[in-house]
Each structure stands twice: as structure tokens, then as C-alpha cells.
Amino acid sequence: MPDPTAIPALPENAPFGPEQRAWLNGFLAGVFYDRGGAGCAAASAGAAPAAAKRPLLVAFGSQTGRAQGLAKKFAKEAETRGFATRVKELNAVSPADLASEPCAVLITSTWGDGDVPDNAAAFWAGLGADTAPRLEGLSFAVLGLGDKNYADFCGAAKKFDERLAHLGAKRVVPRAECDVDYESAAKAWIESLWPAMAAGSGPQVAIGEPADAPVPRPATGDVKPATTWSRATPFPARLKTNRRLNRSGSQKDTRHFEIALEGSGLSYEAGDALGVMPTNCPALVEELLAVLGFTGDAPMQGPDGVPSTLRHLLSTGLVITAPAPSLLKDAATRSGNAELVALLDPARKADLDRWLFGRDVVDVLRACPGATFTPVDFVAHLRKLQPRLYSISSSPKAHPGEVHLTVAAVRYEGHGRAKNGVCSCWLADRVEPGVTPVPVFVQVSHGFRLPGDPAKPVIMVGPGTGIAPFRAFLEERRATGATGKNWLFFGDQQRACDFLYEEELTAWTADGSLTRLDLAFSRDQAEKIYVQDRMLENAAELWSWLEAGAHFYVCGDAKRMAKDVDLALHTVVESAGGRTKEQAVDYVAAMKAAKRYQRDVY
């Protein structure tokens, strides 16, 4: 008669491998052990012990939060597959830490000219140093998120992947490089990772979900509502206000938008970004159809599999501004454009970039008049239209139920044609307030937050539309009664017509909410003056704020302004702080590690 207290175990001839059998036997042992009684003794006598979980470090470098979100999602799945995961930002990981890790997965974005994200900069500095330890005991995999419109696509992921291999770490699977529409590519890479990691594990480690294994379910309180607004399913908001901020005489068109969020359930914090899903300009769509010789009525299938027409697809689903590399190659080959064919040589990348500057898809097709396509062939070269992320310029405490944006409408002439920014000009010109739906979602920016201590001083550097999050910060500090001092460096072209939010900033300065306001209008004098120049002029005072624990923030252009401001900050530490160049580097790195130096750059 079977012992009712015995713990069941799989027979040796069961159709499972050793690791799957160990996992299931361990699971059964845990279940029957929890039931108490004689099962405790039986567990030690007749059943395999629960399989030890394999440690796995999941580290991320994230500028806008997407890589961080993907890392957390990956870590949760890894837990269900028998891993004991720890999720850290890369700056919280040292090369010495990696030397003691058996396995690590790095998920990182790239910003600027192939640069690593801010929360991975200290890690990269240590990894790239001559003193970095050998990592022969580490198995690793790298997943990169990027944008193929940028020259050094997934540059940060390439740097990490190549350096880790150079230090002797074992690459589990080839590096993944995902474009902006990254979900499917990332999912496929992750699925390829599990069997590769299982193949490299020891017999005591349970990796990979066995058939019919129980899947952990979230607690009741963790279950999300059926409808959650996200990048994949944005909320159809309504535009309340569209106001031009520049005065007459300005060469710019900067808009203040107010968007209603009532009924969405969306919430945000000062420092977050708002994702906006635009549609393409109807005039550009018709111009593109004309140069292709298409009517636009051809039946097509959209990226989501829904039946559509070519015109509708070009209007709402695909990128028709920046030409994809595959389109350049195909158009050049079909037309016999020898100049463009020669420019496509990888050795002439800089020449190709110069040729492409200011050109859109229509320009490319006009430069290749002999290239003919079918609608299906042409659409195959176009990428999925992506939402744009804008720094939120309001505090939810000051404006409950709505969100504000500060957006420069992009307008320029290029190769004999007027060009418009896809999203900025859609919002400025074609969205009818209160009528046209504005699909939006909130992009949480974990790495761009006000200090937790409201008494801490803050220094904000935000020229042009870079003022957006700092308007939100100042509103938040006013609404919460924060006692810390606030210093803003703002600049633009001309004070008379480009002083964005002048009335608000002047009023906040008058009532003490804004302790200091330093302005730099580049074209009001013969010699151009920028925000970094104002920093250097006030180096002694800036240093005293930093020494008092001030948090330093930068928002705006990544390629030039952010780098110039960073250089100025190091100079301030050297000159006013009496530090050497090496000590200044260490000082700024320590600020970053302590979350006292944060950037929202693009």
C-alpha cells in the first residue's frame, strides 16, 4: 500500500531531461513539504531537492526608460525559468563586480553620437580602463536599443559587447541590435537566449520551463486593468491649447500645448516625457504618390495586419521622411544612379551623410528617376512610424488632469522644397483643439527626478525648448512648498522675441520661487553667448551651490549643447574648486553616481 505521506517523484523513464526532471521533482518536493507531516522526512529520503536557482545579473543603461522597462520585464521572465535575478543600472555595477558574476545580460540604449546613457557612463569608464579585471568567468549577452536614423546605430551596445569579449568574457549569443520598433526583434533574441543559456548550465541548475510546469501567477493586487494606455495602445487625448511662444520677429516657431487627460487614468511626475503618435502631412503623402505614379487606392495590409489602402498606410503607419538604407540601395540600383551607388560604399559614409542632409524620400526618388516600384515593393522599404517623446513642461500638482508640452515646430527649406517636422507640425498646424484625437502615453523617466529632499538646491540648464522640464520642476517645487533654492540658466536667440515663458519666469523670480535666473541670448550682441558661458562667468557661485549639495540638471541638444555644458561643469570644478583635471572628472562622476547630475538630452 503506498505511503500517503511520501512525496511523489518522476520515474526514471519519464520523457524529461535531467534538468527538467530535477526542476519538477524539486517543485513536487516543495509542494508536499509545505503540506507538513511526514512529508518532511520523505523529502529527504525519496525526492530530489529543489533545484538551486542560477544567479543572473540583469543590468541596463537607459536614457528614456525603455531599456530599463525591458530589463525589468526580462528579469521577471527569467525568474519563471529558474533564475535568481538582480536588476541594476549599469552605474551600480563595477568591473570588479562582474568578475564575480557567473552570468550577466546587459540591455542598453544609445544616445548622441553612439554614446552610452548617463546611467551607464561610470560603468563604461571603469570597463574601458586599463585597470579593468579579466572576466574569463563571466558569460554574457548584450541587447541594444537604437535608431537606424543615427550614424552609430546601437553604438553603446557595440562598445559593451566588444569590450566584455576583449576582457575574456564568454558571449552566450550574438549581440542584438534593435531599431525603434524593437519589441518583436527583442522578443526573438530573448527566446534564442534561453536554450543557449541552458546549454551552458550545470546539471544542478533548472533553466528553461519544462512542459506543463506551473506558471507563477501575480497576486491579485498586481493584476493590471484590461485597458492600459501605452506606446502600443495610446490614449486618444484632446488638445486644449495651442499657443505660439515666440513673439513677432523671431526666426523660430515654438508652441505651448495643453492636452487634456481626463478619463485616461494616466498619471505622470515632473521629469517624465509624453509620447505622441502623429500622422504624416497629407500634402507630402500626395507628393510621394505622384512621384511614384501611384493612385493611393491600392489595397494594402498595415503593420498590424489590418487591411488598408496605400494612401492610408503612408499617412498613418509608415515613415516617409527619412529614407531607409534599403530604399537608397534599391532606388540607386534600379535607376542606375552611379553617384548614389558610389556613396553607398561603407568607406564613404561621411559623404553619404552630407548628400542625405535635408533630403527626404521624395528627394531620393527624384534623384533616381529611373527607379520604378510596385506598391508592395516600395512599402517593404519603409519603417513603421514611431511616436515622438517630448519632455513634459507641467507639474500634475499645478495642472491636474492635463499635461503641457513645449515644442519647436520644425520648418526648413531643403533641395528646393519646404520640409516640416512630422509630429511638431502635425500638432502645430493640423490638430484641431477639442476635435482631433491626439494619441498619447506617458514615458516614465526614472533618471530625471527632483531631489527627494525638498531642501536641496537645484541648478537647471535648459536653453530653447530645453526649458520644458524645468518649468515642470519649478511648478512642482512651488506646489509642494520646497525650501531649496532654484537656479535656472536659459538661453535662445533674441531676448525680444525668444524669451520663452518670460512672464512666468519673471514672476517666479520676483516672488523668490526662482532664486537665480541667468540668461544667454546668442544673437543680441556681436559675439555669441551661450548658457555654458554664463556658467563659467558665475563659476565661484556655481561651485558654492555644488558644494552645498545642489543637484545639477541639463535638458536639450545632446550633440553640442549638452557636451559644452558638461565641459563647462568640469571647468567650474577645476577653476573654482581648485581641482586638477583628473579630480574634476572624479567629482563629476561622483555627482552622477549620487544622482546629483541628471540629463534629459536628445
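See the structure above.
Below, the structure is looked at part by part. On a predicted model such as this, the values are computed, not experimentally measured, just so you know.

### A short note on the overall build of the chain
Stage number 1. When helices and strands are counted, the chain shows 22 helices and 21 strands.
Stage number 2. A buried classification covers 50% of the 602 residues belonging to the chain.
Stage number 3. Counting contacts in the chain only where the partners sit at least 6 residues apart, residues at least 24 apart contribute 75% of the total.
Stage number 4. Put simply, the chain shows about 27,500 Å² of open surface, and 55% of that area lies on carbon and sulfur atoms.

### Structural notes on the sheet that holds strand β18 (residues 486-492)
Stage number 1. Strand order in the open sheet formed by five strands is β19-β18-β17-β20-β21, with parallel pairing between adjacent strands. Since the sheet does not close on itself, it has two edges, and those belong to β19 (516-521) and β21 (597-601), each with one partner. Across this sheet, the average inter-strand angle for adjacent strands is 10°, counted without regard to direction.
Stage number 2. In the sheet, strand β20 (residues 551-556) pairs with β21 via five bridges, with the strands oriented parallel. Across the sheet, Val-554 pairs through a bridge with Arg-599, a residue of β21.

### Here's the deal with the pairing of strand β9 (residues 273-276)
Stage number 1. Side chains Ala-273 and Gly-275 of β9 all project onto a buried face; the interleaved residues Leu-274 and Val-276 project onto the opposite face, where all are buried too.
Stage number 2. Pairing of β9 with strand β16 (residues 437-443) involves four bridges; the strand directions are antiparallel. Pairing of Ala-273 across the sheet is with Gln-443, part of β16.

### Some words on the side chain of Asp-498
Stage number 1. With respect to the secondary-structure elements, Asp-498 resides in helix α17 (residues 495-498).
Stage number 2. For the buried Asp-498, no salt bridge is present, and the opposite-charge side chain at shortest range is Lys-252, 6.2 Å distant.
Stage number 3. A distance of 2.9 Å separates a polar atom in the side chain of Asp-498 from a polar atom in the side chain of Asn-246.
Stage number 4. A polar contact of 2.5 Å, which involves the side chain of Asp-498, links it to the side chain of Ser-250.
Stage number 5. Those residues in contact with Asp-498, other than ones at most four positions away along the chain, are Asn-246, Ser-250, Phe-490, Asp-492, Gln-493 and Phe-521.

### Side note on the nonpolar core
Stage number 1. Ranked by internal contacts, the top residues of the largest apolar core, which has 31 residues, are Leu-288, Leu-314, Phe-373 and Phe-378.
Stage number 2. Of all the secondary-structure elements, those providing two or more residues to this core are α8 (282-292), α9 (310-316), α10 (325-335), α11 (338-343), α12 (349-356), α13 (361-367) and α14 (375-379).
Stage number 3. Per-element accounting of this core gives the leading share, five residues, to α8.
Stage number 4. Those residues in contact with Phe-373 that lie beyond four places of it in its chain are Leu-292, Phe-294, Leu-327, Asp-330, Ala-331, Arg-334, Leu-365, Phe-378 and His-381.
Stage number 5. Core analysis: the next-biggest nonpolar cluster, separate from the first, contains 27 residues, Ile-529, Val-531, Trp-543 and Met-591 among them.

### Focus: the packing of helix α21 (residues 561-575) against helix α22 (residues 581-593)
Stage number 1. With their axes 9 Å apart at the nearest point, α21 and α22 run at an angle of 115° to one another. Like other packed secondary-structure pairs, α21 and α22 cross with a definite hand, here right-handed. For the pair α21 and α22, contact is made by Asp-566, Leu-569, His-570, Val-573 and Glu-574 and by Lys-581, Ala-584, Val-585, Tyr-587, Val-588 and Lys-592, respectively.
Stage number 2. Its residues assigned to classes, the contact of α21 with α22 comprises six nonpolar, one polar and four charged.

### Here we look at the pairing of strand β13 (residues 402-408)
Stage number 1. Counted residue by residue, β13 has six buried out of seven residues, so it is predominantly covered.
Stage number 2. Two strands pair when backbone bridges link them, and strand β8 (residues 254-260) and β13 are joined in this way by seven bridges, in the antiparallel orientation. Opposite Phe-257, over in β13, you have Leu-405 as the bridge partner.

### Some details on the sheet that holds strand β7 (residues 235-244)
Stage number 1. If you walk across this open sheet you meet the six strands as β12-β9-β16-β7-β8-β13, and the pairing is antiparallel. The outermost strands of the open sheet, each flanked by one partner alone, are β12 (388-391) and β13. Within the sheet, the average angular offset between the axes of one strand and its neighbour, ignoring direction, is 40°.

### Considerations on the environment of Ala-455
Stage number 1. With respect to the element layout, Ala-455 can be found in the loop between β16 and β17 (458-461).
Stage number 2. As a C-alpha pair, Ala-455 and Ala-482 span 27 residues in sequence and 6.2 Å in three-dimensional space.
Stage number 3. Apart from the residues lying within four places of it in its own chain, the contact partners of Ala-455 are Thr-483 and Gly-484.

### So, the packing of aromatic side chains
Stage number 1. Applying the stated criterion to the full structure yields 18 aromatic pairs.
Stage number 2. Ring centres 5.5 Å apart and planes at 25° place the aromatic pair Phe-448 and Phe-473 in the stacked group. With Phe-448 in the loop between β16 and β17 and Phe-473 in helix α16 (residues 468-480), this pair connects stretches of sequence that are 25 residues apart. Here the two residues Phe-448 and Phe-473 agree in accessibility, since each one is buried.

### Re the side chain of Asp-272
Stage number 1. You can see Asp-272 is positioned in the loop between β8 and β9.
Stage number 2. Looking at Asp-272, the relative accessible area reads 2%, which means it is buried.
Stage number 3. Polar contacts involving the side chain of Asp-272 include one to the side chain of Arg-449, which spans 2.7 Å.
Stage number 4. Every residue in contact with Asp-272, bar those within four places of it in the chain, is listed here: Ser-391, Ile-392, Val-442, Gln-443, Val-444, Ser-445 and Arg-449.

### Looking at the packing of α16 against helix α18 (residues 502-510)
Stage number 1. Two elements in contact, α16 and α18, have axes whose closest approach is 12 Å; the angle formed by their N-to-C orientations is 40°. When the interaxial angle is binned, α16 and α18 end up oblique. Crossing hand, α16 versus α18: left-handed. Across the interface between the two elements, Arg-471, Leu-474, Glu-475 and Arg-478 from α16 touch Glu-504, Leu-505 and Trp-508 from α18.
Stage number 2. Per-class residue counts for the contact of α16 with α18 are three nonpolar, no polar and four charged.

### Thoughts on the pattern of salt bridges
Stage number 1. Tallied over the full model, the rule gives 43 salt bridges.
Stage number 2. The salt bridge partner of Asp-363 is Lys-419, with a shortest N-O separation of 2.6 Å. Pair noted here: Asp-363 is in helix α13 and Lys-419 is in strand β15 (residues 417-420), with a separation of 56 residues, a long-range link.
Stage number 3. Asp-363 gets classed as buried once you look at its relative accessible area, which sits at 6%.
Stage number 4. Owing to a relative accessible area of 5%, Lys-419 belongs among the buried residues under this scheme.
Stage number 5. We note a salt bridge from Asp-518 to Arg-516, for which the minimum N-O separation is 3.1 Å.
Stage number 6. For Asp-518, a relative accessible area of 12% corresponds to the buried category.
Stage number 7. Given the relative accessible area of 24%, Arg-516 is considered partly exposed.
Stage number 8. Through salt bridges with shared partners, one network takes in Glu-287, Asp-360, Asp-363, Arg-366, Arg-417 and Lys-419.

What counts and what doesn't
Residues numbered from 1 in each chain as written. Predicted model: local features only at pLDDT ≥ 70, side-chain atom pairs only at ≥ 80, totals over all residues. Heavy atoms only, no water. Helix = DSSP H or I, 4+ residues; strand = E, 2+ residues; numbered from the N terminus. Buried < 20%, exposed > 50% of the residue type's maximum accessible area, 1.4 Å probe, protein only. Contact = heavy atoms within 4.5 Å. Areas by Shrake-Rupley, 256 points an atom, 1.4 Å probe, with all protein chains shown as cover. Pairing = 2+ DSSP bridges. Axes fitted to C-alpha atoms, helices over the stretch in contact; angles between N-to-C directions. Lys, Arg positive; Asp, Glu negative; His and termini not counted. Salt bridge = Lys/Arg side-chain N within 4 Å of Asp/Glu carboxyl O. Polar contact = N/O pair within 3.5 Å; in protein donor to acceptor, adjacent residues only side chain to side chain. Core = buried A, V, L, I, M, F, W, Y, C linked by side-chain atoms within 4.5 Å. Left-handed = near helix turned anticlockwise from the far one by under 90°. Nonpolar A, V, L, I, M, F, W, Y, C, P; charged D, E, K, R; others polar. Phe/Tyr/Trp six-rings, centres within 6.5 Å; stacked < 30°, edge-to-face > 60°. Parallel < 35°, antiparallel > 145°, perpendicular 65-115°, else oblique.

Note that every value here comes from positions in space, so none of it alone points to a role or purpose.
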